[in-house]
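# Working through the structure, step by step
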Amino acid sequence: MDRAQRQHVHLAMIRLADGDRAAFESVFQALWPVLSTFAARAMSDRADADDVAQTALLKLLSRVDEWDRERDAVTWALGIAAYECKTA
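Figured I'd write up the structure that's included with this text. (Residues numbered from 1 in each chain as written. Predicted model: local features only at pLDDT ≥ 70, side-chain atom pairs only at ≥ 80, totals over all residues. Heavy atoms only, no water.)

### Some words on the packing of helix α1 (residues 3-17) against helix α4 (residues 73-87)
Relative to each other, α1 and α4 sit at 80°, their axes nearing to 8 Å. With respect to α4, the element α1 is oriented roughly perpendicular. Packed against α1, whose contacting residues are Arg6, Val9, His10 and Met13, the element α4 presents Ala73, Val74, Thr75 and Trp76 at the interface. Considered class by class, the residues forming the contact of α1 with α4 number five nonpolar, two polar and one charged. (Axes fitted to C-alpha atoms, helices over the stretch in contact; angles between N-to-C directions. Helix = DSSP H or I, 4+ residues; strand = E, 2+ residues; numbered from the N terminus. Parallel < 35°, antiparallel > 145°, perpendicular 65-115°, else oblique. Contact = heavy atoms within 4.5 Å. Nonpolar A, V, L, I, M, F, W, Y, C, P; charged D, E, K, R; others polar.)

Written out as C-alpha cells, the structure reads:
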C-alpha cells in the first residue's frame with residue numbers, strides 16, 4: 001500500500017469515526033485485502049485466516065471511535081489483525 005492509499009484510508013477512517021456511514025465502504029474496500037493477505041500469511045489455514053481478518057475488521061469498525069487520529073490507520077488495523085492471529 002503506497003502513501004496515497006494510506007492517506008485515503010486515514011481520511012476515510014476520520015470520516016467514519018465522525019459518524020459518516022458513507023465512509024464505511026471506502027474503509028472496507030481499502031482494508032479488507034490488506035487484512036486478508038496479512039492473516040493468510042500468518043495462519044496456516046485459509047478459512048481460519050478469513051475468519052481472523054473478518055474478526056479484526058469487525059473489531060476495528062466497532063471501535064473506530066477509540067482510534068488515535070494522529071496515528072496511521074493501516075498500522076492500527078494490522079495491529080488488531082496481529083492480535084487476532086495470535087489469539088486464534
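### Points about the nonpolar core
Residues Val9, Met13, Val27, Leu31, Leu35, Ala39 and Leu60 are the most contacted members of the largest nonpolar core, which totals 25 residues. Sorting the residues of this core by element identifies α1, α2 (23-42), α3 (46-62) and α4 as the ones contributing at least two each. Excluding anything up to four places from it in sequence, leucine 35 contacts Ala53, Leu57, Ala77, Leu78 and Ala81. (Core = buried A, V, L, I, M, F, W, Y, C linked by side-chain atoms within 4.5 Å. Buried < 20%, exposed > 50% of the residue type's maximum accessible area, 1.4 Å probe, protein only.)

### With respect to the pattern of salt bridges
This model, assessed by the stated rule, comprises six salt bridges. When the shortest N-O distance is used, the salt bridge between arginine 15 and aspartate 20 registers 3.1 Å. Its relative accessible area of 34% is what places arginine 15 among the partly exposed residues. Notably, a salt bridge pairs arginine 46 with aspartate 50, separated by 3.3 Å at the nearest N-O pair. Residue arginine 46 and its partner aspartate 50 are both found in helix α3; the two are separated by four residues, about one turn of the helix. (Salt bridge = Lys/Arg side-chain N within 4 Å of Asp/Glu carboxyl O.)

### Quick notes on the packing of aromatic side chains
Considering all chains together, one arrives at two aromatic pairs under this definition. Ring geometry for phenylalanine 24 versus phenylalanine 28: centroids 6.1 Å apart, planes at 20°, classification stacked. Of this pair, phenylalanine 24 and phenylalanine 28 are both found in helix α2, four residues apart, which corresponds to roughly one turn of the helix. When its relative accessible area of 38% is taken as the criterion, phenylalanine 24 is described as partly exposed. Seen from their ring centres, phenylalanine 28 and tryptophan 32 are 6.1 Å apart, and the 10° between their planes marks the pair as stacked. Taken together, the positions of phenylalanine 28 and tryptophan 32, both in helix α2 and four residues apart, correspond to about one turn of that helix. Using a relative accessible area of 30% as the deciding quantity, one classes phenylalanine 28 as partly exposed. Members of the aromatic cluster, joined through ring pairs, are Phe24, Phe28 and Trp32. (Phe/Tyr/Trp six-rings, centres within 6.5 Å; stacked < 30°, edge-to-face > 60°.)

### Description of α1
Here α1 is 15 residues long and its end C-alpha atoms lie 21 Å apart, about the 21 Å a rise of 1.5 Å per residue gives. Buried residues of α1: Val9, His10, Ala12, Met13 and Leu16, and no others. On its buried face, α1 sits against α2, α3 and α4. With a side-chain oxygen lying 3.1 Å from the backbone nitrogen of alanine 4, the N-terminal cap of α1 falls on aspartate 2. Immediately beyond the C-terminal end of α1, within one or two residues, lies glycine 19, with a positive phi of roughly 100°. (Expected span 1.5 Å × (residues − 1). Polar contact = N/O pair within 3.5 Å; in protein donor to acceptor, adjacent residues only side chain to side chain.)

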